[in-house]
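Residue-level structural notes
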Amino acid sequence: MLNLFTSHRKRFHTYQFSFHTYNQGVFLIALLISGCGSGPTSANTPEKMFTEVLQKPIPDSITQLQGVGDTWQGYQVFLRFQAAKADIQSILQSGYKSVDCDAISSDFRLPDPSYDRFDPPWQPQAISSNQCWTANSVSNPWTGSGTHHVLIDQQAKWIYFAGLGI
């Protein structure tokens, strides 16, 4: 049985179980550890992820926006969308440099199969006609230091984004 009470003297909460008493920090750590899974943890929408890591506001030409990731104590975000050439150029002009796609291909691998919530499935590694771009030392509300990669599928007209911030 769990009894909750608050000590107003020291402003901390105590959680008392029938056999032990734990302070708030220990209980919170136990909850976090037990809740850690292998799937994505972000409750943010793909639109919110887009505006935090790519561009705000979202250009009107952006369609088919899909995304998944983790956005706590940094971020790991994967987005896919379609856009007009002018809007793609606008994104790339915000600090991206052309890079060999082989050099960043591993950064487009989803960390776990549960991250593949894309329709059609996430498969940037299967793209043969592509262009790749990278931006280093990016900052946004989720981190002060991040790396972003953009892969443009010339044939299917998909834009893939993989971002990591610590």
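To be clear, the structure that these remarks concern was listed above.
Notes on the structure in this doc start here. Note on numbering: residues in each chain are counted from 1, in written sequence order. Side-chain atom pairs in this predicted model are given and counted only at pLDDT of 80 or more, local residue features only at pLDDT of at least 70, and totals for whole chains, interfaces and linings cover all residues. Computation of side-chain values covers all heavy atoms of the structure but excludes hydrogens and water.

1. Observations regarding the nonpolar core
Nonpolar core, defined: a set of buried Ala, Val, Leu, Ile, Met, Phe, Trp, Tyr and Cys residues in which side-chain atoms within 4.5 Å join the residues together. Here's how the labels work: a residue is buried when its accessible area is under 20% of the maximum for its type, exposed when over 50%, partly exposed in between, all with a 1.4 Å probe on protein chains only. Counting residues in each nonpolar core, the largest one holds 23 residues, and the members touching the most others are Phe50, Leu54, Leu79, Phe81, Tyr96, Val150 and Phe161. Every helix listed is a DSSP run of H or I at least four residues long, and every strand listed is a run of E at least two residues long, numbered separately from the N terminus. For this core, the elements supplying multiple residues, two or more each, are α2 (46-53), β5 (75-82), α3 (85-92), β7 (130-140), β8 (143-153) and β9 (158-165). When residues in this core are grouped by element, the largest group, 4 residues, is from β5. Whether two residues are in contact is decided by their heavy atoms: any pair within 4.5 Å suffices. Excluding its chain neighbours within four sequence positions, the residues that come into contact with phenylalanine 161 are Val53, Leu54, Val77, Phe78, Leu79, Tyr96, Phe108, Trp122, His148, His149 and Val150. Counting residues in each nonpolar core, the second largest holds 15 residues, with Cys101, Phe108, Tyr115 and Ile127 among its members.

2. Describing α3
Those residues of α3 that sit buried are Asp87, Ile88, Ile91 and Leu92. Along the long axis of α3, the arc covered by the buried residues comes to 140 degrees, so they all point the same way. Facing away from the buried surface of α3 by more than 90 degrees, the exposed residues are Lys85 and Ala86. Of the surrounding secondary structure, the elements contacted by the buried residues of α3 are α2, β5, β7, β8 and β9. Throughout, the arc means the angular range of directions from the helix axis out to the C-beta atoms.

3. Here we look at the pairing of β8
Most of β8 is tucked away, with 8 of its 11 residues classed as buried. For two strands to pair, DSSP has to find at least two bridges joining them. In this sheet, β8 lies alongside β7 in antiparallel orientation, the contact comprising 8 bridges. Directly across from asparagine 140, in β8, lies its bridge partner threonine 143. Between β7 and β8, which pair antiparallel one after the other, the connecting turn spans 2 residues. Summarising the sheet, β8 and β9 pair through 8 bridges and their orientation is antiparallel.

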